[in-house]
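Fold and contact review
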Amino acid sequence: MPITFEEFSARVASLRVQMDAAARAAGRDPANVQLQPVTKNHPADAAIFAARLGLASVGENRVQEAAEKRPLCPGLIRWELIGHLQSNKAKLAVETFDRIQSVDSSKLAGLLDRAAGSLGKVLPVLLQINAGHDPAKFGAEPADAPALLEAALAAPHLRVEGLMTIAPLSEDPEVAVRTFQNLRVIRDDLAARFGTPLAELSMGMSGDYAAAIAAGSTLIRIGTALYGSRDG
Ligand SMILES: *Cc1c(COP(=O)(O)O)cnc(C)c1O
């Protein structure tokens with residue numbers, strides 16, 4: 001990550017301008033869209049920069065990598081897991097992260113609930129939904145979302161704050177638009193049916209965040225546009 005803090009600050013500022021424009025164009029309050037830098041495959045400095053700038057959280061997609069970097073990063077910033085979680089890492093994940101965005105099965109919800117209980121904490125989570133029906137992506141199928149939500153809501157040590165999705169890779173920008181609109185509809189349906197707000201909609205990355213904001217995203221996860229491309 002060969003960028004300086006000054007460059008990072010400038011990139012955040014210019015991204016904010018674009019985010020705010022996308023929100024206003026959709027008739028939304030820009031204050032309701034949070035920027036989450038994605039620091040995976042970058043050194044601890046990436047998260048340190050974000051904390052110095054006062055950003056609320058960073059996203060990481062591997063448990064072990066975050067567990068190693070987090071102790072190097074002072075400050076109040078929250079760490080969130082955005083990558084697929086294997087059952088055998090559930091305990092370390094609950095110890096390492098302030099929120100887990102990638103809960104995609106009732107079984108995993110159960111494991112996280114037990115781990116959080118044994119640590120005496122309530123773990124905020126998002127349910128990851130494969131809203132673009134992408135065979136290459138993790139996430140619960142939309143048809144399985146109600147059962148997953150029911151299981152997560154029944155878990156005493158989990159707090160379900162909303163939904164997350166990743167749009168399929170495609171040359172056609174309409175694919176991302178449809179994916180994000182689909183997640184929004186799924187959220188609205190589930191919220192009405194279960195009587196719970198599911199306020200957080202985590203969707204949008206460097207290449208598609210404007211479409212995500214137009215569809216109602218409350219949190220965009222941005223790696224490349226802030227830190228440059230990464231290895232691996
Ligand atoms: C890597 C990653 C991102 C960031 O992607 P960029 O295109 O680099 O902005 C966002 N969300 C998830 C789940 C990721 O794994």
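The sections below set out a description of the structure shown in this document.

1. A short note on helix H5 (residues 106–118)
Under the 1.5 Å per step criterion, the end-to-end length of H5 is 18 Å for 13 residues, consistent within 8% with the ideal 18 Å. All of the buried residues along H5 are Leu108, Ala109, Leu112, Asp113, Ala115 and Ala116. Of the residues flanking the end of H5, it is Gly120, one or two places downstream, whose phi is positive at about 65°.

2. So, the site of the ligand
Taken together, the neighbourhood of the ligand is formed by 12 residues, with Lys40, Ser206, Arg221, Gly223 and Thr224 sitting nearest. A distance of 2.7 Å separates an oxygen atom of the ligand from a polar atom in the side chain of Lys40. Between the ligand and Arg221 there is a distance of 2.9 Å, counted from a nitrogen atom to a side-chain nitrogen or oxygen. When isolated, the ligand has an accessible area of 390 Å², and the protein chains bury 90% of it.

3. So, the packing of helix H6 (residues 145–154) against helix H7 (residues 173–194)
The description of two packed helices rests on the angle between their axes and on the distance between the axes. As a packed pair, H6 and H7 sit with axes 11 Å apart at the nearest point and diverge in direction by 50°. Accordingly, the angle class assigned to the pair H6 and H7 is oblique. Between H6 and H7 the crossing geometry is right-handed. Where H6 abuts H7, its residues Ala145, Pro146, Leu149, Glu150 and Leu153 lie against Leu190, Arg193 and Phe194.

4. As for the nonpolar core
In terms of nonpolar packing, the biggest core is built from 65 residues, with Phe8, Ile100, Leu112 and Leu127 touching the most fellow members. The leading source of residues in this core is helix H1 (residues 5–25), at 7 residues. Those residues in contact with Leu112 that sit more than four places away from it in its chain are Leu85, Ala90, Val94, Ile100, Val103, Leu123 and Leu158. Counting 5 residues, the second largest nonpolar core, distinct from the first, contains Val38, Leu126, Met164 and Ile166.

5. A short note on the pattern of salt bridges
Taken as a whole, this structure holds 14 salt bridges when the rule is applied. Among the ionic pairs, Arg78 bridges to Glu80, the shortest N-O distance being 3.8 Å. On the basis of relative accessible area, Glu80 is assigned to the buried category, the value being 2%. Here Asp134 makes a salt bridge to Lys137, at a shortest N to O gap of 3.3 Å.

6. Structural notes on the packing of aromatic side chains
Per the stated rule, a full pass over the model turns up 3 aromatic pairs. Note on Phe5 and Phe49: the rings are 5.6 Å apart at their centroids and 65° apart in plane angle, and the pair reads as edge-to-face. One end of the pair, Phe5, is in helix H1; the other, Phe49, is in helix H2 (residues 44–52), with 44 residues separating them in the sequence. Comparing Phe5 with Phe49 shows no difference in burial state: the two are buried. Measuring from ring centre to ring centre gives 5.2 Å for Phe8 and Tyr227, while their planes differ by 15°; the resulting arrangement is stacked. One end of the pair, Phe8, is in helix H1; the other, Tyr227, is in helix H9 (residues 224–227), and 219 residues separate them in sequence. For the pair shown, Phe8 and Tyr227 are each scored as buried. Taken together, the aromatic side chains of Phe5, Phe8, Phe49 and Tyr227 make up a single cluster linked through ring pairs.

7. Things to note about the side chain of Asp113
Looking at the element boundaries, Asp113 is found in helix H5. For Asp113, which is buried and forms no salt bridge, the nearest opposite charge comes from Arg114, at a distance of 7.1 Å.

8. Some details on the pairing of strand E3 (residues 78–81)
Taken together, the 4 bridges between strand E2 (residues 57–60) and E3 define a ladder with parallel strand orientation. Note on E3: the bridge partner recorded for Ser57 is Arg78. Where the polypeptide runs from E2 across helix H3 (residues 63–69) and back to E3, its parallel neighbour, the crossover connection is right-handed. In this sheet, strand E4 (residues 99–103) lies alongside E3 in parallel orientation, the contact comprising 2 bridges. For Leu81, the partnering residue across the bridge sits in E4 and is Ile100. Handedness of the crossover is the feature at issue here: the chain leaves E3, passes through helix H4 (residues 90–96), returns alongside E4, and the resulting connection is right-handed.

9. Some thoughts on unusual backbone geometry
The phi torsion at Asn41 lies on the positive side, around 65°, for a residue other than glycine. Relative to the elements of secondary structure, Asn41 occurs in the loop between strand E1 (34–37) and H2. Since its relative accessible area comes to 25%, Asn41 is described here as partly exposed. At His133, a position not held by glycine, the phi torsion is positive, near 50°.

Each value, and the rule that gives it
Residues numbered from 1 in each chain as written. Predicted model: local features only at pLDDT ≥ 70, side-chain atom pairs only at ≥ 80, totals over all residues. Heavy atoms only, no water. Helix = DSSP H or I, 4+ residues; strand = E, 2+ residues; numbered from the N terminus. Expected span 1.5 Å × (residues − 1). Buried < 20%, exposed > 50% of the residue type's maximum accessible area, 1.4 Å probe, protein only. Near = heavy atom within 4 Å. Polar contact = N/O pair within 3.5 Å; in protein donor to acceptor, adjacent residues only side chain to side chain. Areas by Shrake-Rupley, 256 points an atom, 1.4 Å probe, with all protein chains shown as cover. Axes fitted to C-alpha atoms, helices over the stretch in contact; angles between N-to-C directions. Parallel < 35°, antiparallel > 145°, perpendicular 65-115°, else oblique. Left-handed = near helix turned anticlockwise from the far one by under 90°. Contact = heavy atoms within 4.5 Å. Core = buried A, V, L, I, M, F, W, Y, C linked by side-chain atoms within 4.5 Å. Salt bridge = Lys/Arg side-chain N within 4 Å of Asp/Glu carboxyl O. Phe/Tyr/Trp six-rings, centres within 6.5 Å; stacked < 30°, edge-to-face > 60°. Lys, Arg positive; Asp, Glu negative; His and termini not counted. Pairing = 2+ DSSP bridges. Right-handed = clockwise from strand over helix to strand, strands pointing away.

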